[in-house]
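Remarks on the overall topology
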Amino acid sequence: MVVTFQLNGEDCSFHGDPMTPLVDILRRERFLTGTKAVCREGFCGACTVHVDDEAVPSCLKPIGLVQGCAVTTIEGLSSGNQALHPLQANLEAADAVQCGMCCPGIVMSLSAFVRDNPHASRPEIKAAMVGNICRCTGYERIVDAVADCLDQARKAGQSVGGLHV
Amino acid sequence: MAPGVGRSFTAASTLEEAMAARRQGAVVLAGGTWMMRDPQRGVDLPDAVVALDRIPALSKVEIDSDHVVIGAAVTHAVLGRALHGAAGFEGLVAAAENAANPGIRRVATVGGNICALDFAAADLAPALLVCEATVELETFEGPKLIGISDFLKDRHALLAEAIVTRIHLRRDLVASAHIRLPLRKAGDYPVAVVSLAVDKDKRCRIAVGSVEPVARRWTALEQAMRASQASALDPERAAGLALEHNDFQGRDGREAEGWYRRQVLPPLVKRGVAALLKTEGLAWL
Ligand code: FES
Ligand code: FES
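Source: prediction; values computed, not measured.

1. With respect to the overall build of chain A
When you go through chain A residue by residue, the secondary structure sums to six helices and five strands. From first element to last, N terminus to C terminus, chain A shows the α and β order β-β-α-β-β-β-α-α-α-α-α. Relative to the globule expectation of 15 Å for 165 residues, the C-alpha radius of gyration of chain A, 16 Å, shows essentially globular dimensions. Overall, chain A is about 50 × 30 × 30 Å in size when its C-alpha atoms are taken along their principal axes. Every one of the 165 residues in chain A was classed for burial, and the buried ones make up 50%. Considering only contacts within chain A whose residues lie at least 6 apart along the sequence, 56% involve residues at least 24 apart. Counting only carbon and sulfur atoms, one obtains 49% of the accessible surface of chain A, whose full area is about 7300 Å².

Here it is in structure tokens:
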């Protein structure tokens, strides 16, 4: 089966088993290894990407369901040669990255969350992270970074990823 | 041939197309959150699947003054948003908004949740039981309506020749609540779930999920509460009745043993009645 979709803004097509998990195509065929396959059960969040702007686990997304969709991975959020996404910058500033395994998934989950919830409280930030497991940090610094990110955006009257706050 | 190379995948855009694929033996693919874990469970993915997410009629929630119709391909996230603030559906909203984790809720569908045969911990099942939902199926012989209790009991046979298309709800509840007990707050399957509702005739409906292999109404407790002289909608009293009328056989599972699932039910009933009493619909009590 042939599946066509947009990947980080570019046209992309896949020939093969339509039940292949999206994460495997990203990593094995496109070498976008920022997206991690850890539990493959929807529990850890390390494989989170945006599909049509929604943060979803790519380990449970068969490529057949991605036909015509727009997929954004951590590499599409910031190429490395350009400024980081404000959330990434805040995670770095808060020293919230340790081994880094969970971080792409956390950034993809929470970048959609801050875009859609510019006035989120700390408990709401924590609720949004329920599906992202981090074995290193104890989470508090990550929550701090998200709260700082929203705070800065509000003070500047700017948006975090599209919406004005 | 490598596994999956010859797999057939139908992205149906109409129900007719989906049924045609079903007749050819294709298995229904909803959000994928259950089926995609088949390889993890040592089960092969099906050779032919039919996806329902491109059928517009199955992806919407219709809210009327006296009933609600939920398409089978509606996700938990969409359901929670659609019914948020609708009096009487607090329990169903809580079930949709707290199941699994946010990423799964954006993908997992209502139909998938009630059709996953081995999924005892489905949050929507007890919540729909207290709504006394009616399940609409498209069978090889045409459409068919069946109560959710019977559907859950007989779904193995029913789904061999049918697709769940819609869930119908009457708006006859004044209040409802959904209490779940996961081992951790973050994303676990619940050890036990108690859904409660009070209808316009002030009758209390109670259902339990995750304790036995299939969710069911707790009729012994409902009857005891009806027969109770004192106000049964007292959390302590309800917990006492739950203890007395606990007729569940807990299932052993990875998260908890059967005795524990059974034993936590009275405290969950107590929390549930307390939650019911906090709803706007029961402010008159
Ligand atoms: S690898 Fe997808 S959620 Fe863990
Ligand atoms: S930084 Fe190591 S798992 Fe989160």
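Now, onward.
2. Some details on unusual backbone geometry
The backbone of A:D53 shows a phi angle near 75°, a positive value even though the residue is not glycine. A positive phi angle is found at A:D95, which is not glycine, with a value near 55°.

3. Looking at the environment of B:V68
Residues and elements named next belong to chain B. Mapped onto the elements, V68 comes out in strand β5 (residues 67-71). Here V68 falls in the buried class, since its relative accessible area comes to 0%. Remark: the alpha-carbon pair of V68 and D53, spanning 15 residues in sequence, is separated by 20 Å. The contact partners of V68, leaving out residues within four places of it in the chain, are V61, E62, I63, L83, F89, I167, H168, L169 and R171.

4. Quick word on the side chain of A:R115
Position of A:R115 relative to the elements: it lies in helix α4 (residues 103-116). Within the structure, the side chain of A:R115 is placed 2.8 Å from the backbone oxygen of A:D53, a separation counted as a polar contact.

5. Looking at the packing of aromatic side chains
Residues and elements named next belong to chain B. What the rule picks out here adds up to five aromatic pairs over all chains. With 5.0 Å between their ring centres and 85° between their planes, W218 and F248 make a pair best called edge-to-face. Highlighted residues: W218 in the loop between β12 (216-217) and α8 (219-227) and F248 in the loop between α9 (235-244) and α10 (258-263), separated in sequence by 30 residues. Overall, W218 belongs to the buried group, its relative accessible area being 0%. Look at F248 and you get buried, because its relative accessible area is 2%. In this structure, R41 packs its charged tip against the face of W34, placed 4.1 Å from the ring centre. The ring of F248 carries R216 above its face, with NZ or CZ at 3.9 Å from the centroid.

6. Some thoughts on the sheet that holds strand β7 (residues 142-147) of chain B
All names here are of chain B. Taken in spatial order, the five strands of this open sheet run β4-β5-β8-β6-β7, and their pairing is antiparallel. If you trace the sheet from one side to the other, it starts and ends with β4 (61-63) and β7, each paired once. This sheet shows a mean twist of 20° between the axes of neighbouring strands, independent of strand direction. Where β4 meets β5, three bridges bridge the pair, whose relative direction is antiparallel.

7. Considering the sheet that holds β12(B)
All names here are of chain B. Strand order across the open sheet formed by four strands is β9-β10-β11-β12, with antiparallel pairing between neighbours. At either end of the open sheet lies a strand with only one pairing partner, and these are β9 (173-182) and β12. Where strand β11 (residues 204-209) and β12 come together, two bridges link them in antiparallel fashion. By the bridge assignment for β12, A207 is matched with R217.

8. Details of the interface of chain B and chain A
Across the boundary between the two partners, chain B contributes 28 residues, which contact 27 residues of chain A. The contact between chain B and chain A buries some 2200 Å² in all, and 63% of this surface belongs to carbon and sulfur atoms. Contact with chain A buries surface across chain B, with B:F9, B:M36 and B:R106 losing the most and accounting together for 27% of the total. Linking chain B with chain A are two salt bridges.

Thresholds applied
Residues numbered from 1 in each chain as written. Chains lettered and ligands numbered in written order. Predicted model: local features only at pLDDT ≥ 70, side-chain atom pairs only at ≥ 80, totals over all residues. Heavy atoms only, no water. Helix = DSSP H or I, 4+ residues; strand = E, 2+ residues; numbered from the N terminus. Rg over C-alpha atoms; globule rule 2.2 N^0.38 Å. Buried < 20%, exposed > 50% of the residue type's maximum accessible area, 1.4 Å probe, protein only. Contact = heavy atoms within 4.5 Å. Areas by Shrake-Rupley, 256 points an atom, 1.4 Å probe, with all protein chains shown as cover. Polar contact = N/O pair within 3.5 Å; in protein donor to acceptor, adjacent residues only side chain to side chain. Phe/Tyr/Trp six-rings, centres within 6.5 Å; stacked < 30°, edge-to-face > 60°. Lys NZ or Arg CZ within 6 Å of the ring centre and 35° of its normal. Pairing = 2+ DSSP bridges. Axes fitted to C-alpha atoms, helices over the stretch in contact; angles between N-to-C directions. Buried area = accessible area lost by both parts, 1.4 Å probe. Salt bridge = Lys/Arg side-chain N within 4 Å of Asp/Glu carboxyl O.

It is worth stressing that arrangement in space is one thing and function is another; only the former is reported here.
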